[in-house]
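Each chain, written out:
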Amino acid sequence: MGSIHGLLFILSLQFFVSNVYCLHRSQFKPSFLFGVGTSSYQIEGAYLEDNKGLSNWDVFAHTQGKIKDGCNGDIADDHYHRYLEDIELMTKLGVNSYRFSISWSRILPKGRFGDVNMRGISFYNKVIDAILAKGIEPFVTINHFDIPQELLDRYGAWLSAEIRKDFGYFAEVCFKAFSDRVKYWTTFNEPNLVTKFSYMSGKYPPGRCSSPFGNCTSGNSSLEPYIAAHNMILSHATAVDIYRKHYQEKQGGTIGIVIAAKWYEPLRNITADILAAKRAMDFDHHWFLDPIFFGDYPSVMRQILGPNLPTFTSEEKNLLKAKLDFIGINQYTTTYTKDCIHSSCTIDNYDGNALVFTTGERNGNLIGTPTGLNNYYAVPWGIEKVVMHMKERYNNTPMYIAENGYSQASNSSMTAADFVNDIERTNFIHDYLTYLNSAIRKGADVRGYFVWTLIDNFEWLFGYTLRFGLHHVDFKTQERTPRMSAKWYSNFLKGSKIAKGFGSEMSSEY
Ligand SMILES: O=C(/C=C/c1ccc(O)cc1)O[C@@H]1O[C@H](CO)[C@@H](O)[C@H](O)[C@H]1O
């Protein structure tokens, strides 16, 4: 008996050690997608080449004072010319999937008011064919923030119902050209974030907002984000409807949407804050996902926003029903949430309409380690909370972590060694993957994970001052150098046993 107990003890200890302490590729299914992500405006450059039209970000980044370092994406990583080199980096990493987005104004320089640009189509054909030849599955975002400037000038872009036709048309052009080879589609990247940054705080183009949310010349922060979102939700449904009717059955692909999914933790263990955290989720993630799953916005949004929240007609509700195959989740951070109905708060220009205040601090302690991005703390357990929450609320619909990553602030005094010895990023990815795996063991149907990002790139408002890459980029020479985190990820993907952080069993590839 004693020896059996001893054996069981050793077996369970082994289980404990290999499953809890030691993250390993084999803890995820072989079919699990492990990839890296990028987006068109952030890496491509070639902003006027081969008939590309101007995008809203081209125009915005050229406006003085908008981008922290005064830079823009005219050249960025010059990926348009260096895509083969970048695909080589992916091959070295050993990823089986690559998430990238299609530049709308490269394919349709004037939206549906002009011709399809065959040179644009040809660029993405080359990328898709090159990755497939390396055994890497394309995971394609139809729209990642950048839209043809033409649509903004003509009718105010997302504020007009007109855009649903334009988005449906663009999506169909993409399906026609690429969906014979692309099996993973997402309509939008972070529509819940981009609508707030564009129409609530006014920090992204077209820079519309009202006081006290921000200081813009025009806009209405309590109304316009909800109109823009309404048009995005119906644009999403239009695109999925087209895909389902004309492409999906023949080609067997899948389609979803990617939501920015911060985890909201109650600040205090009191009912008001627990409700506040729920309300924050309603006003952020459920705002987009509830209509797509259930046909309408969360009721608390209607209670608080009243007539500022648009309504769906019964026809639209029908169009919306069950209009996705998977949920894409971008998970970076977790925040404490404080109620502002019963307590007085300063206005928060991201979550404020939910009558909540968010903070990274509780009783003088930070929720996690700070990162290069203000208010973005490393909170690995948050990814498990988000995934388990989505599993419960949306009937365990398949999920992909479409982005997760760590930013370093860069300045001119940094040495080459500072840039590549990214132990913090390495540990960040390790720790988030560990908690993601825990959610999967609890039954969450997560099917993929993409590190943001392959290479340092144009980080929106921060220009080139924030670095998220597994590879360092010297923007003067365009030289790419793998960081410690790239080596770690590659070893992990190749199945080496690695303990926390930077292990000793590096592959000789690097
Ligand atoms: O764009 C954002 C987040 C922006 C933000 C947050 C907090 C601030 O204070 C300011 C901007 O989401 C994603 O996170 C990444 C890394 O940021 C971006 O590079 C991706 O393009 C995008 O999908």
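Residues numbered from 1 in each chain as written. Predicted model: local features only at pLDDT ≥ 70, side-chain atom pairs only at ≥ 80, totals over all residues. Heavy atoms only, no water.

(A) Here's a closer look at the sheet that holds strand β9 (residues 356-359). Taken together, three strands build an open sheet; the order of strands is β6-β8-β9 and the sheet is mixed. Two strands lie at the open edges of the sheet, namely β6 (263-266) and β9, each paired on one side alone. In this sheet, adjacent strand axes meet at a mean angle of 40 degrees when their direction is disregarded. Examined bridge by bridge, β6 and strand β8 (residues 334-339) share four bridges and lie parallel to one another. The residue bridging Trp-263 from the neighbouring strand is Thr-334, located in β8. (Pairing = 2+ DSSP bridges. Helix = DSSP H or I, 4+ residues; strand = E, 2+ residues; numbered from the N terminus. Axes fitted to C-alpha atoms, helices over the stretch in contact; angles between N-to-C directions.)

(B) Spotlight on the site of the ligand. Taken together, 18 residues lie near the ligand, and Gln-42, His-144, Glu-190, Glu-403 and Glu-459 sit nearest. Within the side chain of Tyr-332, an N or O atom sits 3.3 Å from an oxygen atom of the ligand. Bound to the protein, the ligand loses 92% of the 500 Å² it would expose on its own. Cavity membership is defined here by more than half of the atoms lying within 2 Å of grid points; on that basis the ligand lies in the largest pocket. Looking at the shell around the ligand, its residues break down into 11 nonpolar, four polar and three charged. (Near = heavy atom within 4 Å. Polar contact = N/O pair within 3.5 Å; in protein donor to acceptor, adjacent residues only side chain to side chain. Areas by Shrake-Rupley, 256 points an atom, 1.4 Å probe, with all protein chains shown as cover. 1 Å grid on protein atoms, 1.4 Å probe; cavity = no way out; pocket = protein on both sides within 12 Å on 5 of 7 lines; lining within 4 Å. Sits in = over half its atoms within 2 Å of the grid points. Nonpolar A, V, L, I, M, F, W, Y, C, P; charged D, E, K, R; others polar.)

(C) The sheet that holds strand β7 (residues 326-330), seen in detail. If you trace the eight strands once around the closed barrel, you get β1-β2-β3-β4-β5-β7-β14-β16, paired in parallel fashion. This sheet shows a mean twist of 25 degrees between the axes of neighbouring strands, independent of strand direction. Relative to strand β4 (residues 184-189), helix α10 (residues 224-251) is tilted by about 165 degrees, and along the sheet it contacts β4 and β5 (254-260). In this fold helix α15 (residues 381-393) packs onto β7, β14 (399-404) and β16 (446-452), with an angle of close to 150 degrees to the strand it touches most, β14. (Contact = heavy atoms within 4.5 Å.)

(D) Representation of the side chain of Asp-58 in the model. Within the fold, Asp-58 resides in helix α3 (residues 56-61). Side-chain polar atoms of Asp-58 contact the side chain of Lys-52, separated by 2.7 Å. With sequence-adjacent residues up to four places away left out, Asp-58 is seen in contact with Tyr-41, Tyr-47, Lys-52 and Gly-53.

(E) Helix α4 (residues 79-93), seen in detail. Look at α4: only 18 Å from first C-alpha to last across 15 residues, short of the 21 Å you get at 1.5 Å a residue. For α4, the principal kink sits at Glu-85 and spans about 35 degrees. Taken residue by residue, α4 has His-79, Tyr-80, Tyr-83, Asp-86, Ile-87, Leu-89, Met-90 and Leu-93 as its buried positions. Phi for Gly-94, located one or two positions after α4, is positive at around 90 degrees. (Expected span 1.5 Å × (residues − 1). Bend = angle between axes of the 7 residues up to and from the residue. Buried < 20%, exposed > 50% of the residue type's maximum accessible area, 1.4 Å probe, protein only.)

(F) Region of interest: empty space enclosed by the protein. Evaluated as defined, the whole model comprises four cavities of 30 Å³ or more. Counted as a void, the largest cavity has a volume near 120 Å³. Surrounding the largest cavity, 16 residues form its lining, Asn-56, Trp-158, Val-194, Ser-198 and Pro-205 being those nearest its centre. Elements that contribute at least two residues to the lining of the largest cavity include exactly α3 and α9 (191-199). With four residues, the single largest contributor to the lining of the largest cavity is α9. Residue classes in the lining of the largest cavity are distributed as 12 nonpolar, four polar and no charged. Within this model, the second largest cavity holds a volume of roughly 70 Å³. Taken together, Ser-40, Tyr-41, Glu-44, Gly-45, Tyr-47, Lys-52, Ser-55, Asp-58, Gly-73, Ser-103, Arg-106 and Asp-146 make up the full set of residues lining the second largest cavity. Residues of the lining of the second largest cavity, tallied by class, amount to two nonpolar, five polar and five charged. (Points joined across faces, edges and corners; volume = space filled by probe spheres on them.)

(G) Quick look at the pairing of strand β3 (residues 137-143). When you tally the buried positions in β3, you get six out of seven residues, the bulk of the element. When strand β2 (residues 97-101) meets β3, the two strands line up parallel, connected through five bridges. Bridging from a neighbouring strand, Ser-97 pairs with Glu-137 of β3. Where β3 and β4 come together, four bridges link them in parallel fashion. Looking across to β4, one finds that Thr-141 is bridged to Thr-186.

(H) Geometry of a nonpolar patch on the surface. A cluster of nonpolar side chains, namely Leu-48, Leu-54 and Val-59, defines an oily patch on the protein surface of about 230 Å² accessible area. Assignment of secondary structure puts Leu-48 in the loop between α2 (40-43) and α3. (Patch = residues over 30% accessible without salt bridge, like charges linked within 9 Å, V, L, I, M, F, W, Y side chains within 5 Å. Salt bridge = Lys/Arg side-chain N within 4 Å of Asp/Glu carboxyl O.)

(I) Spatial organisation of the pattern of salt bridges. Taken as a whole and assessed by the stated rule, the structure comprises 34 salt bridges. With a closest N to O distance of 2.8 Å, Asp-325 and Arg-244 form a salt bridge. In this pair, Asp-325 sits in the loop between α14 (314-320) and β7 while Arg-244 sits in helix α10, placing the two residues 81 residues apart along the sequence. Bridged by salt links that share partners, the residues Arg-112, Glu-162, Lys-165 and Asp-166 form one connected network.

(J) Spatial organisation of the side chain of Ser-407. Structurally, Ser-407 is set in the loop between β14 and β15 (408-409). There is a polar contact of 3.2 Å between the side chain of Ser-407 and the backbone nitrogen of Leu-373.

(K) Local environment of the state of the cysteines. Applying the stated criterion to the full structure yields two disulfides. In this model, Cys-209 is linked to Cys-216 through a disulfide, with the two sulfur atoms separated by 1.9 Å. What sets the handedness of the Cys-209 and Cys-216 disulfide is the S-S torsion sign, and at about 105 degrees it is right-handed. Among the residues examined, Cys-209 registers a relative accessible area of 2% and is labelled buried. A sulfur-sulfur separation of 2.1 Å characterises the disulfide bridge that pairs Cys-340 with Cys-345. Around the S-S axis, the bridge from Cys-340 to Cys-345 shows a dihedral of about -105 degrees and counts as left-handed. (Disulfide = S-S within 2.5 Å.)

(L) Focus on the packing of aromatic side chains. Within the structure shown, the criterion is met by 53 aromatic pairs. Aromatic side chains Phe-139 and Phe-450 sit 4.7 Å apart centroid to centroid with 50 degrees between the ring planes, which places their arrangement in the tilted category. Here the residue Phe-139 occupies a position in strand β3, and Phe-450 occupies one in strand β16, the gap between them amounting to 311 residues. The pair Phe-139 / Phe-450 is uniform in exposure class, with both members buried. When the ring of Phe-458 is compared with that of Tyr-464, the centres are 5.5 Å apart and the planes differ by 70 degrees; the resulting orientation is edge-to-face. Like Phe-458, the residue Tyr-464 is buried in the burial classification. (Phe/Tyr/Trp six-rings, centres within 6.5 Å; stacked < 30°, edge-to-face > 60°.)

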